[in-house]
Amino acid sequence: MAAIGSSVGLGNIWKFPYMIGTGGGSAFMLVYMVCVLGVGLPILMAELALGRMGRQGPIETLVTLGRRYSGRAAWGLVGCVGVLAAVLILSFYSVVAGWSLAYIPKLLTGQMTGLSGADTGKAFNDFLADPWALTFWHALFMLLTIIPVARGIQAGIEKAVVWMMPLLFALLVVLCVYAGVEGNFVAGMTYLFKPDFDAVTWDVVLAATGQAFFSLSIGLGTMLAYGAYLPGGVSIPRTSVVIVLAAILTAVLAGTAIFPIVFANGLDPSAGPGLVFVTLTVAFGAMPGGEIFGAVFFVLLAIAALTSSVSLLEPIVAAFAGRTGLSRSALAWIGGIVAWLLGFLTLFSFNIWSDVHPLGGTRTWFDWIDYLTSNILLPLGGVMLALFAGWVVTREDSVKALGFENPTFYRVWRLLVRVVAPVGVVAAVVSNLA
Ligand code: PHE
């Protein structure tokens, strides 16, 4: 449950739709599905299994297993890079989750009622232009993340996921129905699902690969940390399939709800990070009871974000817990505050630093942090974990750790983590950098 909560979050509901929009629609969808199933799923299994074998923090687990199987503690470095990625992701995640918190009162008080797409776009831009407001919501969300992690989270998170997830699905389905009736459903579905192989470029492949890692929370140690808590009897293949299905389903529902409304209102599918906020508020503003409905939606989105953000802070805490002598709670506060401060790079990217392009080009600080984490650090971290599980861990031990009921599935898994995933991901990253 906690791992589902980790994977389903802003990545599937906020990021996926706008990535589709900037990645050319169905081409992105197609590659994303291939990546999630062919690369993400086997690596997720590997990461959970390694976590359960090590039963320590992510760095410690890799050090121990590295020593056991290869005599090399240097595998721990993969965990260190993962911790860096977790801090960077948490920094922007909290800013965006703060937007979601801010939209709760905006909807509840009727500020969005009856607005056109142009109006909701303007409202969103005005909101982003105010760094103080963003700072408040960013701080509030980070506090909400730190407190449960400082206290030791499992029970609370699992309970939250149990009731939040079905409600979130139900609400997304209602939104899809609304989009089907009131939106331009045909245009939306064509855009999402009509295969367009010509639009598949290396950029799209890398972006979709990165999104697969981001949306499944793999490649940085979150699932190593969560695997460490997984009881021995739980089937890792089955757990992983459920996590992947939940992630895909939410992403597809979010896309199905959003794009018909985009096309019916003449909005721009490639509008970027504001897409969800601008599009769905048009729908909420037009439907009866939309104030309540919209507020509930953003509450659920914030909770979905929270069950992900704690899973970013948890590996940071777990990584340092044994090494520093500091308490869990001290580490949660330190990690959270560092990420909060780093978050200002993202926060200012949407207002006073929107014209600042570190390293030239067109990318803002936010764009760079997003690119570096999703497109480089997570894929490469994931590949290292795949290689470790496939080549370094002995065959007997990986058979035992994964517990596949069907030997053919095990063989397929092994082929994917040994060869297919590493070659595919490295090709995508290298071709893009080149
Ligand atoms: N998977 C989360 C989401 O989709 C984000 C995340 C990435 C969480 C990496 C933990 C680790 O929103």
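Residues numbered from 1 in each chain as written. Predicted model: local features only at pLDDT ≥ 70, side-chain atom pairs only at ≥ 80, totals over all residues.

An unreviewed UniProt entry lists the chain under the name Sodium-dependent transporter, from Niveispirillum lacus. Check the Subcellular location (unreviewed entry) section of the UniProt entry for the chain; it says "Membrane". (UniProt positions renumbered as here; feature names shortened; annotations may be inferred.)

Visitor: Would you mind showing me how to read the overall build of the chain here?
Guide: Per the secondary structure count, the chain includes 18 helices and zero strands. Projected onto the principal axes, the alpha-carbon positions of the chain cover approximately 65 × 50 × 45 Å. Counting all 434 residues of the chain, 56% fall into the buried class. (Helix = DSSP H or I, 4+ residues; strand = E, 2+ residues; numbered from the N terminus. Buried ≥ 20, exposed ≤ 12 C-beta atoms within 10 Å, placed from the backbone.)

Visitor: I keep staring at the packing of helix α10 (residues 202-216) against helix α16 (residues 365-392) and nothing clicks. Help me out?
Guide: Helix-helix packing is described using two parameters, namely the angle between the two axes and the distance between the axes. Across the interface, α10 lies against α16 with an axial gap of 9 Å and an inter-helix angle of 65 degrees. Crossing hand, α10 versus α16: left-handed. From α10, Leu-206, Ala-207, Thr-209, Gly-210, Gln-211, Phe-213 and Phe-214 reach across to α16, where they touch Ser-374, Asn-375, Leu-378, Pro-379 and Gly-382. Partitioned by chemical class, the residues of the contact of α10 with α16 number six nonpolar, six polar and no charged. (Axes fitted to C-alpha atoms, helices over the stretch in contact; angles between N-to-C directions. Left-handed = near helix turned anticlockwise from the far one by under 90°. Contact = placed C-beta atoms within 7 Å. Nonpolar A, V, L, I, M, F, W, Y, C, P; charged D, E, K, R; others polar.)

Visitor: So what exactly am I meant to see when it comes to the site of the ligand here?
Guide: What surrounds the ligand is a group of 15 residues, the closest being Gly-9, Gly-11, Ser-217, Thr-222 and Ser-308. Of all the elements in the fold, those that place two or more residues in the shell around the ligand are α1 (2-7), α2 (10-22), α10 and α14 (290-324). Grouping the amino acids of the shell around the ligand by side-chain chemistry returns five nonpolar, 10 polar and no charged. (Near = placed C-beta within 6 Å.)

Visitor: Explanation requested: the confidence of the model for the chain in the structure shown.
Guide: Should pLDDT be low for a region, the predicted coordinates there are not to be read in detail. On average, residues of the chain score 94 in pLDDT, and 99% of them reach the 70 mark or higher. Model confidence for the complex: the whole-complex pTM is 0.96, and ipTM, which rates the interface, is 0.98. (pLDDT = per-residue confidence, 0-100.)

Visitor: Can you walk me through α10 in this structure?
Guide: Along its 15 residues, α10 runs 21 Å from first to last C-alpha, staying within 8% of the 21 Å computed at 1.5 Å per residue. Most of α10 is tucked away, with 13 of its 15 residues classed as buried. One or two residues past the end of α10 sits Ser-217, with phi positive at roughly 60 degrees. (Expected span 1.5 Å × (residues − 1).)

Visitor: How do you make sense of the nonpolar core when you look at a structure like this?
Guide: One recurring pattern in soluble globular proteins is that nonpolar side chains are buried together. With 155 residues, the main nonpolar core has Phe-28 and Leu-44 as its most contacted residues. Not counting residues up to four positions away in its chain, the partners in contact with Leu-44 are Leu-216, Ile-218, Met-223, Ser-240, Ile-243 and Val-244. (Core = buried A, V, L, I, M, F, W, Y, C linked by C-beta atoms within 7 Å.)

Visitor: It is not clear to me how the packing of helix α3 (residues 26-54) against helix α18 (residues 407-433) should be interpreted in this structure. Could you clarify?
Guide: Across the interface, α3 lies against α18 with an axial gap of 9 Å and an inter-helix angle of 125 degrees. Here α3 lies oblique to α18, going by the angle between them. α3 and α18 meet at a crossing whose hand is left-handed. Within the contact between the two elements, α3 uses Gly-38, Val-39, Pro-42, Ile-43, Met-45 and Ala-46 and α18 uses Trp-413, Leu-416, Val-417, Val-420, Ala-421, Gly-424 and Val-425. Each residue belonging to the contact of α3 with α18 can be placed in one class, and the counts come to 11 nonpolar, two polar and no charged. (Parallel < 35°, antiparallel > 145°, perpendicular 65-115°, else oblique.)

Visitor: Mind showing me how you'd approach unusual backbone geometry here?
Guide: Located in the positive-phi region is Arg-55, a residue other than glycine, with phi close to 50 degrees. When you line up the elements, Arg-55 lands in the loop between α3 and α4 (58-70). Of note, Ser-217 is a non-glycine position whose phi angle comes to about 60 degrees, a positive value. Looking at the element boundaries, Ser-217 is found in the loop between α10 and α11 (222-227).

Visitor: Looking at this model, I keep getting lost on the environment of Ala-339. Mind explaining?
Guide: Structurally, Ala-339 can be placed in helix α15 (residues 328-349). Judged by the 25 C-beta atoms lying within 10 Å of it, Ala-339 is buried.

Visitor: What exactly am I supposed to notice about the environment of Leu-168 here?
Guide: Inspection of the secondary structure puts Leu-168 in helix α8 (residues 154-182). Distance in space between the C-alpha atoms of Leu-168 and Phe-297 is 7.4 Å, their sequence separation being 129 residues.

Visitor: What should I look at first to understand α15 in this one?
Guide: What sets the pattern is the α-helix's 3.6 residues per turn: residues three or four places apart point alike. In this model, α15 (22 residues) spans 32 Å end to end at C-alpha, consistent with the 32 Å of a helix rising 1.5 Å per residue. At Gly-343, α15 shows its maximal kink, close to 25 degrees. Of the positions making up α15, those classed as buried are Leu-331, Ala-332, Gly-335, Gly-336, Ala-339, Trp-340, Gly-343, Leu-345, Thr-346, Leu-347 and Ser-349. Looking at the buried side of α15, the elements it contacts are α5 (76-108), α7 (131-151), α14 and α16. (Bend = angle between axes of the 7 residues up to and from the residue.)

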